[in-house]
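# A look at the structure
Chain by chain, the residues:
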Amino acid sequence: MTPLRRIAVIGNSLPRRCGIATYTTDLKNAIAISRQDLETCIVAMTDRGQAYDYPPAVAFQIKDDDIEDYIRAADFLNAGRFDTVCLQHEFGIFGGEAGAHILVLLSRLAMPVVTTFHTVLADPTSAQRTVLERIVEASSKVVVMANKGRELLREVYLVPDDKIEVIAHGIPDVAFVAPDAAKAKLGFEQKSVILTFGLLSPNKGIEIMIDAMPSILKRCENAVYVVLGATHPNLVRNQGEAYRESLVARVRELGIDDQVVFFDRFADLATLLEFISMCDVYVTPYLNEAQMTSGTLAYSFGLGKPVVSTPYWHARELLADGYGVLVPFSDATAIGEEIADLLTDDARRQAMSRRAYAASRTMTWERVAERYVSVFENARHGHRLKVLARSEVSSPEPRSPAPPDMQIGHFLSMCDDVGLFQHAVHSVPDRAHGYCVDDNARALLLACVLNGPGEQPLSEVLTSRFAAFVQHAWNPDTGQFRNFMGFNRTWLEDRGSEDSQGRTLWALGEAARRDASPARRLWAAALFAQALSIAAGFRSPRAWAFTLLGLDAYCAVTPDDLHAREVRHSLADKLMACLASVETPDWVWFEDGLAYDNARLPQALMLTGMATQAPQYLDAGLRSLRWLMAQQTTAAGHFRPVGTAGFGERRQHPRAFDQQPVEATATIAACLTAWRAEGDAEWKAMATRAFAWFQGSNDLSVALVDPLTGSCRDGLHPDRANENRGGESVVCYLLGLAEMRQLARVNPSLTRPTALRAVSART
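Residues numbered from 1 in each chain as written. Predicted model: local features only at pLDDT ≥ 70, side-chain atom pairs only at ≥ 80, totals over all residues. Heavy atoms only, no water.

### Comments concerning the overall build of the chain
- Looking only at helices and strands, the chain features 28 helices and 24 strands.
- The C-alpha atoms of the chain give a radius of gyration of 28 Å, which matches the 27 Å a tight globule of 763 residues would have.
- Projecting the C-alpha coordinates of the chain onto the three principal axes gives extents of approximately 85 × 65 × 50 Å.
- Sequence-distant contacts in the chain: of pairs separated by 6 or more residues, those separated by 24 or more amount to 69%.
- Total accessible area computed for the chain in this model is approximately 30,500 Å², and 50% of it derives from carbon and sulfur atoms.
- Averaging the positions of the 77 positive and the 90 negative side-chain charges in the chain gives two centres separated by 3 Å. (Helix = DSSP H or I, 4+ residues; strand = E, 2+ residues; numbered from the N terminus. Rg over C-alpha atoms; globule rule 2.2 N^0.38 Å. Contact = heavy atoms within 4.5 Å. Areas by Shrake-Rupley, 256 points an atom, 1.4 Å probe, with all protein chains shown as cover. Lys, Arg positive; Asp, Glu negative; His and termini not counted. Charge placed at Lys NZ, Arg CZ, Asp CG, Glu CD.)

### Some details on the nonpolar core
- Counting residues in hydrophobic clusters, the biggest one holds 118 residues, and the most contacted among them are Phe-411, Phe-466, Phe-481, Leu-551, Leu-625, Trp-683 and Phe-694.
- Leaving out residues up to four positions away in the same chain, Phe-481 has contacts with Val-470, Ala-473, Trp-474, Arg-495, Gly-496, Gln-501, Thr-504, Leu-508, Leu-527, Ala-531 and Ile-534.
- Counting 51 residues, the second largest nonpolar core, distinct from the first, contains Ile-31, Phe-197, Leu-319 and Ala-369. (Core = buried A, V, L, I, M, F, W, Y, C linked by side-chain atoms within 4.5 Å. Buried < 20%, exposed > 50% of the residue type's maximum accessible area, 1.4 Å probe, protein only.)

### Here we look at the pattern of salt bridges
- According to the stated counting rule, one finds 51 salt bridges in the structure shown.
- Here Arg-367 makes a salt bridge to Glu-370, at a shortest N to O gap of 2.5 Å. You can see Arg-367 and its partner Glu-370 sitting in helix H15 (residues 365–392), three residues apart, about one turn around the helix.
- When salt bridges that share partners are traced, they join Glu-155, Glu-510, Arg-513, Arg-514 and Asp-552 into one network. (Salt bridge = Lys/Arg side-chain N within 4 Å of Asp/Glu carboxyl O.)

### Topic: the packing of helix H22 (residues 562–582) against helix H24 (residues 615–631)
- Look at H22 against H24: their axes get within 11 Å of each other, and the N-to-C directions meet at 45 degrees. Taken together, H22 and H24 sit at an angle that is classed as oblique. Crossing handedness for the pair H22 and H24: left-handed. On H24, the residues touching His-569, Ala-572, Asp-573, Met-576 and Leu-579 of H22 are Gln-616, Tyr-617, Ala-620 and Arg-623.
- Within the contact of H22 with H24, the residues separate by chemical class into five nonpolar, two polar and two charged. (Axes fitted to C-alpha atoms, helices over the stretch in contact; angles between N-to-C directions. Parallel < 35°, antiparallel > 145°, perpendicular 65-115°, else oblique. Left-handed = near helix turned anticlockwise from the far one by under 90°. Nonpolar A, V, L, I, M, F, W, Y, C, P; charged D, E, K, R; others polar.)

### Description of the pairing of strand S8 (residues 192–197)
- In terms of burial, S8 is largely enclosed, as six of its six residues are buried.
- Both faces of S8 are covered, namely the face carrying Ser-192, Ile-194 and Thr-196 and the face carrying Val-193, Leu-195 and Phe-197.
- With six bridges joining them, S8 and strand S9 (residues 223–228) adopt parallel strand pairing. Following the sheet pairing, Ser-192 is matched in S9 by Ala-223. (Pairing = 2+ DSSP bridges.)

### A look at the packing of aromatic side chains
- Counted by the stated rule, this structure contains 26 aromatic pairs.
- Arranged with centres 4.5 Å apart and planes meeting at 20 degrees, the rings of Phe-528 and Tyr-554 form a pair that is stacked. Here Phe-528 is found in helix H20 (residues 518–531), whereas its partner Tyr-554 is found in helix H21 (residues 541–557), with 26 residues between them in sequence. For the pair formed by Phe-528 and Tyr-554, the shared burial category is buried.
- One aromatic cluster is present, built from ring pairs that chain together Phe-421, Tyr-435, Phe-469, Phe-487 and Trp-491.
- When the ring centre of Tyr-323 is taken as origin, the NZ or CZ atom of Arg-355, which lies over that ring, is 4.2 Å away. (Phe/Tyr/Trp six-rings, centres within 6.5 Å; stacked < 30°, edge-to-face > 60°. Lys NZ or Arg CZ within 6 Å of the ring centre and 35° of its normal.)

### As for the packing of H21 against H22
- At their nearest, the axes of H21 and H22 sit 9 Å apart, and the two run at 145 degrees to each other. Here the hand of the crossing between H21 and H22 comes out left-handed. Contacts from Pro-541, Trp-544, Ala-545, Thr-547, Leu-548, Leu-551, Asp-552, Tyr-554 and Cys-555 in H21 reach Ala-564, Arg-565, Val-567, Arg-568, Leu-571, Ala-572, Lys-574, Leu-575 and Cys-578 in H22.
- When the residues that make up the contact of H21 with H22 are grouped by side-chain class, the tally is 13 nonpolar, one polar and four charged.

### A few points about the sheet that holds strand S10 (residues 260–263)
- On the basis of which strands lie adjacent, the open sheet formed by six strands has the order S10-S9-S8-S11-S12-S13 and parallel pairing. The open sheet has two edge strands, S10 and strand S13 (325–326), and neither has a second partner.

### Some remarks on the sheet that holds strand S19 (residues 484–485)
- Across the sheet, which stays open at both edges, the three strands sit in the order S15-S16-S19 with antiparallel pairing between neighbours. The outermost strands of the open sheet, each flanked by one partner alone, are strand S15 (421–425) and S19.
- Inspection of the sheet shows strand S16 (residues 428–436) paired to S19 by two bridges, in the antiparallel sense. The residue of S19 that forms the bridge with Tyr-435 is Met-485.
- Against the sheet, helix H17 (residues 437–449) engages S15 and S16, with an angle of about 100 degrees to S16.

### Structural notes on helix H4 (residues 126–138)
- Helix length check: H4 (13 residues) gives 18 Å between terminal C-alpha atoms against 18 Å at 1.5 Å per residue, within 8%.
- Every buried residue of H4 is accounted for by Ala-127, Gln-128, Arg-129, Val-131, Leu-132, Glu-133, Ile-135 and Val-136. (Expected span 1.5 Å × (residues − 1).)

### Considering helix H2 (residues 67–79)
- For H2, with 13 residues, the first-to-last C-alpha span of 19 Å sits near the 18 Å given by 1.5 Å per residue.
- Of all the residues in H2, the buried ones are Asp-69, Tyr-70, Ile-71, Ala-73, Ala-74 and Leu-77.
- The N-cap of H2, judged by a side-chain oxygen 3.0 Å from the amide nitrogen of Glu-68 a few residues on, is Asp-66.
- Following H2 by one or two positions, Arg-81 adopts a phi angle in the positive range, close to 50 degrees. (Polar contact = N/O pair within 3.5 Å; in protein donor to acceptor, adjacent residues only side chain to side chain.)

### What about unusual backbone geometry?
- For the bond from Phe-657 to Asp-658, the omega torsion is -5 degrees, close enough to zero to count as cis.
- Examined against the element boundaries, Asp-658 turns out to sit in the loop between H24 and helix H25 (661–678).
- Positioned with a positive phi, Arg-651 is a non-glycine residue whose angle comes to about 50 degrees.
- In this structure, Ser-701 is a non-glycine residue whose phi angle is positive, near 55 degrees.
- Residue position: Ser-701 is located in the loop between helix H26 (681–695) and strand S20 (705–706).
- By relative accessible area, Ser-701 is classed as exposed at 60%.

### Quick word on the environment of Arg-244
- Within the element layout of this structure, Arg-244 appears in helix H9 (residues 242–254).
- Each residue touching Arg-244, except ones within four places of it in the same chain, is listed here: Leu-200, Gly-229, Ala-230, Thr-231, Phe-262 and Asp-264.

### Considerations on the environment of Ala-358
- The topology assignment puts Ala-358 in helix H14 (residues 346–359).
- According to the relative accessible area criterion, Ala-358 is exposed, its value standing at 54%.
- C-alpha of Ala-358 to C-alpha of Arg-250: the two residues are 108 residues apart in sequence and 38 Å apart in space.

### Notes on the environment of Arg-568
- Note that Arg-568 resides in helix H22.
- In this structure the C-alpha to C-alpha distance between Arg-568 and Gly-496, which are 72 residues apart in sequence, comes to 22 Å.
- Apart from residues lying up to four places away in sequence, Arg-568 is in contact with Leu-548, Leu-551, Asp-552, Cys-555, Thr-608, Ala-611 and Thr-612.

### Let's talk about the side chain of Thr-119
- With respect to the helices and strands, Thr-119 occurs in the loop between strand S5 (113–117) and H4.
- Side-chain polar atoms of Thr-119 contact the side chain of Glu-90, separated by 2.7 Å.
- Not counting the four nearest positions on each side in its chain, Thr-119 is found in contact with His-89, Glu-90, Phe-91 and Met-292.

Dropping the structure here:
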């Protein structure tokens, strides 16, 4: 294979400092420095047809609203025989709805594409989701600049983990210097300088910092706040300079005209570095946590500046462990106190400055370029293998029917003002058996899942009811959760089984991450942290696995909880020890027998391995799941879950009956986790076969679900389906359906059944 020689970078031509334009130019230059044998060029976007001054490196310009320009750009890149195209993507810089015009260019390229997403939306519009998913599909690799981006790509868009690379925002490689010389040059001698730079817009929170200045000046009389940057062009286009003028008016009202200085201009790199060099504290008071990447933050951190910031996503990662200071959103008092503390404590400020500079050395543009070149090489190699594979395929992959619509009528009928009933007689709730925390925890998980894109969330009243059941199940006298409750609202025990404890922790962890209510997310995180100590006494591998599933979610939103991280490693190590003590070439499992919810054990290890970057956990999870799937696949190729009749048997092939929905749901989730980790399409096929079990692709060829009500039979006996439709069954079906609907939104091989097929299925 010939060596990598020619790279093209597609980005914006809008001259905004530390935005897409700067990143595109600096990345191109850094690649040229890192690998002098590489030829690099830039394909630049123009803003609404208006060309800006741009470096000579620009080889081709595209007017953002001219579809023919995108086609000509693709022809230019193909004719130039570029080895790889690096797309710098941001919503708002490409033409078409949600920037869809860029897809025209990508669809025509003959070489691999590596896409850097500067923004990954947690709650995209339908158009934004479609565009991002199609860009992912067209890309050999995708790059994000923060771990939060990886998390969202995996969980919201179901992008396989091996397709995602995390490469930090680049920074100039400049020497660490004291601010005095730059202050003298810029006219700020004897001042304590606080700096914010970048395009001005209301989401930056500049007014909050202005409101904090009076309290800072009380403790540090020589403080001055410097705001460097022009107003965002889109804001100027729509509102003129009204926003900047409102900031100036606010300064005048507070009587601090001499202590707040605005520089209304784009700064070239040399000027920008001088301004950063002179500041004593850099501040980013952004108002919204959904800020995936901040070039201004990266540059200031890279020059060794103490940073005070609100906890938006990028800042939360970069400034963790004392590398900076985080303050609440829109809290002028907190910002003022923290900045004043730093300005009046030279030793602390200087120590933070040195730590930031040392930690940022891996972020220099040359180091970033080295990472990109490695990704380009891998993408090119993988692209070549795919081309060879396609040339050997004689027929396209068969298309599978898409999952049905989400119907929750039966689920709602199984709920009352306490929570979800355990059992039903046929489709009628059975009050005689009351409730359990197991099923209400599952219901809380479902509520979290339905908060995702493309689904109708459960009502606030119903979700709150499930949360209240879990809260009431907590027994402070024993420090554990109760499980069974009678219809008269009387608890039937002081504590539940270990597995019910673990499943409740799982639900709390997910609620802490995905509940629609911010207040309930805080509640869930607090109760999870309080109850986590019970996991130390668990002896059940399933309880370990359920707790690990909860920890995967909880640690994502509470990464500084050292105790939780320790428990996660401890439980994963316990599962590994079980596997090591039991596994043989013919029995790749954690126990001498198979029981219920089997696939949750490998799923827990895989998620833990991906989150902690521990390949031994991931490999063990994949290995054991492959073995389990071999046990759960019939000679005819359909899914056969482990039957309850075989529970407790030692090292025997699973019994065929009775088959239960909980096994299919666990298998769907585990196989899709494996797909995200490994990228092997066979895992998606396995998940699809497991879901088809609900729809009639099973040993009896009997559908377990009613697609009109969403009810699900409790399982399969050797001769018939179980006609009862209890709480566990309906929630398991809906959880599995939600997973498959998410998959269908990113997998074009899933299609809606035709009207004829749909009618045939009902009859």
